[in-house]
Structures are given as C-alpha cells and as structure tokens.
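Analysis of the macromolecular model
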Amino acid sequence: MRHFDYTRAADAAQAIAAHAQPSSAFLAGGTNLLDLMKIDIMRPAAVIDVNRLPLNQIDIRPDGRVRVGALVSNTTLARHPHVVDHHPVLSQALLAGASTQLRNKATTAGNVMQRVRCNYFRDGISPCNKREPGSGCAAIDGHNRSVHAVLGTSDQCIASHPSDMCVAMAAIGATVHVEGPQGERDIAFLDFHLLPGSTPWKEHALQKDELITHVVLDAPVAGSKGAYLKLRDRASYQFALASCAAIVALRGGVIREARIALGGVGTKPWRAKNAEAVLIGQAPTDAVIGQAAATAMQGAVPYKHNAYKILLGKQAIIRNLSTLVA
C-alpha cells in the first residue's frame with residue numbers, strides 16, 4: 001500500500017488549487033482510478049475528492065442542448081427521460097457498459113477520462129509507452145486480439161479506447177467544459193481524446209490542473225433515429241470488440257443527416273465522417289450502407305491477432321444502419 005494525501009474539496013477553485021501539488025489525481029466515482037491504484041499502475045501522491053462539488057445536475061437548455069454535470073452517474077444519465085427520448089444512442093451505450101453497480105458509481109467526467117484496458121499497460125512490468133514513455137509497446141508483437149485497435153494506431157501504441165459512452169457522445173456531438181488555473185474554456189469532444197502518435201502518454205487535451213465541470217451535448221438531429229450496437233465476446237460486463245453509434249435522419253426516402261462513431265476499433269472514440277459523407281443524399285440501400293461501412297474502415301492497420309476487427313467494424317455499421325433505416 002502506497003501512502004497518499006487525501007483532500008475533500010468544497011468547490012472547484014479549491015479542487016484546482018489542491019491539484020497543483022505534484023502527482024495528484026481527482027477522485028469522483030473511483031471505478032477506474034482506485035482500480036489502477038490497487039494494481040500499482042497509478043501512484044498519485046495526493047487524491048482530491050470532488051464528490052461534494054455541485055456538478056451532479058442534468059439541465060435541458062432551450063436550444064435543445066443538454067448540460068451534463070461532471071458528477072452525474074452513468075446510471076442517472078442513461079435513465080434520464082430526456083436522454084432516453086432524444087438521445088437513445090447515448091442511453092443504450094451507457095447501459096451496454098460495465099455492470100449495474102459500476103454504472104451507479106461511475107461519473108460522466110470519469111468515463112470521459114478512463115484509461116485503456118491493454119493488458120500490457122496494466123501488468124506493470126511489460127514495456128508500455130503510456131506507463132513508461134520510451135519503453136516500447138509490447139502489444140504490437142504480443143497478444144493483441146481484444147482491447148487493441150486497428151484505426152488511429154502508431155508504432156508507439158495500439159491500445160483501443162474502452163468507453164461506450166464516449167462513442168455515443170462522438171456521434172451526437174458535444175463540448176467538454178473545463179476549469180483550471182487560467183480560467184474556463186471549452187474543448188470540442190472530438191478534439192478531447194488524442195491519438196497516440198509519438199506521445200501515447202498524452203491521452204487528452206486537458207492542460208495542467210484543469211478539471212472537467214460538465215459536458216454539453218449538441219441538440220438532437222430533428223426527425224432522427226439513433227442506436228448503439230456493441231459486439232463483444234459475451235453479452236454483459238465486457239469491452240467492445242467493435243461497436244457502432246449511429247444517428248440517421250431520412251426525408252423522402254433519402255438520408256439527409258447521418259452520424260457514425262465507432263468503438264473497440266480505434267485508439268480514441270472514432271467519428272467516421274468519411275462514411276457519413278457516403279450516406280448523405282443517398283437512399284439507404286444495402287449497397288450504399290455497405291460502401292459506407294467499407295469507407296469507415298479505410299486505413300485500418302491489422303495486427304497479428306485482431307485483423308478480424310476490420311470486418312467486425314464493418315458489420316457493426318451495416319447491422320446498426322440497416323436496423324435504423326428499416
């Protein structure tokens with residue numbers, strides 16, 4: 001057991017100030033942080049508990065956007081009537097993740113910030129550039145079947161992003177609001193998570209000591225239907241091998257708006273705008289949907305054990321879109 005200082009913040013300013021000490025971490029639901037502390041992967045010298053901050057509200061704005069507090073639990077967000085009715089893709093994605101007990105504790109900001117499930121990252125001894133920059137990536141030539149990506153990878157890291165919620169938010173469109181020593185700012189959701197590139201230890205766009213206070217979802221696309229399809233080794237409590245969040249709006253038998261995001265196959269929540277461009281303005285035929293799926297997976301790089309994910313990613317898109325437009 002490693003010793004660490006514990007502080008319970010009363011407001012955001014106090015939390016940000018406390019986080020300025022070296023090697024510190026914010027604590028909310030703790031479903032990821034405490035897990036990684038127990039296996040000695042994260043070793044914060046100071047833990048700042050933010051659970052008393054007034055950040056657990058869901059507010060529906062007049063323009064249709066939804067302001068989700070950082071501390072709103074995954075269960076609360078998934079079951080909120082407005083989310084169920086207007087953002088079913090998000091409700092379904094949240095309910096597809098983890099277990100009931102974990103969803104009751106896990107928070108919106110914590111889900112956004114969760115770290116990869118790569119076995120080599122978590123074992124504490126294998127070369128891992130996320131854990132020990134410059135040490136290498138054991139997954140590239142190792143066992144890389146389930147929690148490793150084929151999109152957005154580099155020669156430094158191939159771990160897939162684990163979140164279901166974030167895939168849905170990538171499809172919906174959102175903004176992450178943060179506070180820090182330099183004030184407040186907004187980060188576009190698609191810019192929040194970083195590709196590994198040559199610096200895989202840099203996982204997000206937060207600057208030093210910044211705290212997520214809320215996420216604002218874009219207004220729903222008028223007349224649209226949305227759904228989340230998750231393909232995995234078992235039906236519950238398992239990370240996606242491939243998943244698809246899709247939102248489609250039809251008018252006169254033609255797709256006038258389409259949003260597609262993928263999980264399980266990318267190193268970040270993967271918005272497939274190239275596939276959306278194939279769909280918009282077209283009738284939703286099997287051929288068009290198949291072309292969109294193939295386009296989404298263009299540039300995918302397979303590794304020894306996960307080449308199947310290219311086909312599985314295509315199938316996730318085809319199955320989800322075909323159901324939505326039926």
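Residues numbered from 1 in each chain as written. Predicted model: local features only at pLDDT ≥ 70, side-chain atom pairs only at ≥ 80, totals over all residues. Heavy atoms only, no water.

So, the overall build of the chain
- Helix and strand counts for the chain stand at 13 helices and twelve strands.
- Rg of the C-alpha trace for the chain: 19 Å, near the compact-globule value of 20 Å for 326 residues, within the 12% margin.
- Expressed as lengths along the three principal axes of its C-alpha atoms, the size of the chain is roughly 60 × 50 × 35 Å.
- Within the chain, contacts between residues at least 6 apart in sequence are counted, and of these 62% link residues at least 24 apart.
- As displayed, the chain has an accessible area near 14,400 Å², and 52% of this comes from carbon and sulfur atoms.
- Put simply, the chain has 34 plus and 25 minus side-chain charges, and the middle of one group is 6 Å from the middle of the other. (Helix = DSSP H or I, 4+ residues; strand = E, 2+ residues; numbered from the N terminus. Rg over C-alpha atoms; globule rule 2.2 N^0.38 Å. Contact = heavy atoms within 4.5 Å. Areas by Shrake-Rupley, 256 points an atom, 1.4 Å probe, with all protein chains shown as cover. Lys, Arg positive; Asp, Glu negative; His and termini not counted. Charge placed at Lys NZ, Arg CZ, Asp CG, Glu CD.)

A short note on the pattern of salt bridges
- In total, this model carries twelve salt bridges according to the counting rule given.
- Between R43 and D40 there is a salt bridge; the shortest N-O distance is 3.3 Å.
- Between E210 and R185 there is a salt bridge, and its shortest N-O distance comes to 2.8 Å. Here R185 lies in strand β7 (residues 183–188) and E210 lies in the loop between α10 (189–192) and β8 (211–217), a separation of 25 residues in the sequence. (Salt bridge = Lys/Arg side-chain N within 4 Å of Asp/Glu carboxyl O.)

So, unusual backbone geometry
- Within the chain, D40 stands out as a residue other than glycine whose phi angle is a positive 65 degrees.
- Looking at where D40 falls in the secondary structure, it is placed in the loop between α2 (33–38) and β3 (46–49).
- Positive phi outside glycine occurs at Y237, with the angle close to 50 degrees.
- Relative accessible area serves as the criterion here: at 48%, Y237 is assigned to the partly exposed category. (Buried < 20%, exposed > 50% of the residue type's maximum accessible area, 1.4 Å probe, protein only.)

Quick notes on the packing of helix α12 (residues 286–296) against helix α13 (residues 308–325)
- Here α12 crosses α13 at 145 degrees, and the two axes come no closer than 9 Å. The chirality of how α12 crosses α13 is right-handed. The segment α12 lies against α13, with I289, G290, A293, A294 and A296 engaging K314, I317, I318, L321, S322 and V325.
- For the contact of α12 with α13, the class distribution of residues is eight nonpolar, two polar and one charged. (Axes fitted to C-alpha atoms, helices over the stretch in contact; angles between N-to-C directions. Left-handed = near helix turned anticlockwise from the far one by under 90°. Nonpolar A, V, L, I, M, F, W, Y, C, P; charged D, E, K, R; others polar.)

Comments concerning the side chain of T267
- Along the chain, the position of T267 falls in the loop between β11 (254–263) and β12 (270–271).
- On the basis of relative accessibility, which here comes to 8%, the residue T267 falls in the buried class.
- Of the polar contacts made by the side chain of T267, one reaches the backbone oxygen of G152; its length is 2.8 Å. (Polar contact = N/O pair within 3.5 Å; in protein donor to acceptor, adjacent residues only side chain to side chain.)

Concerning the sheet that holds strand β2 (residues 24–27)
- The sheet built from three strands is open, its strands ordered β1-β3-β2 with parallel pairing. Edge positions in the sheet fall to β1 (5–8) and β2, since each of these pairs with one other strand and no more. On average, each strand axis in the sheet is inclined to that of its neighbour by 20 degrees, with strand direction left out of account.
- Two strands pair when backbone bridges link them, and β1 and β3 are joined in this way by four bridges, in the parallel orientation. Counterpart to T7 in the pairing with β3 is I48. (Pairing = 2+ DSSP bridges.)

Concerning a nonpolar patch on the surface
- Side chains of M1, F4 and Y6 sit close together on the surface and give an oily, nonpolar patch of about 390 Å² of accessible area.
- Of note, M1 is situated in the segment before β1. (Patch = residues over 30% accessible without salt bridge, like charges linked within 9 Å, V, L, I, M, F, W, Y side chains within 5 Å.)

Let's talk about the domain arrangement of the chain
- When its domains are assigned, the chain resolves into domain 1 (5–51) and domain 2 (224–325).
- Here the C-alpha centroids of domain 1 and domain 2 sit 36 Å apart. (Domains from an automatic or database assignment.)

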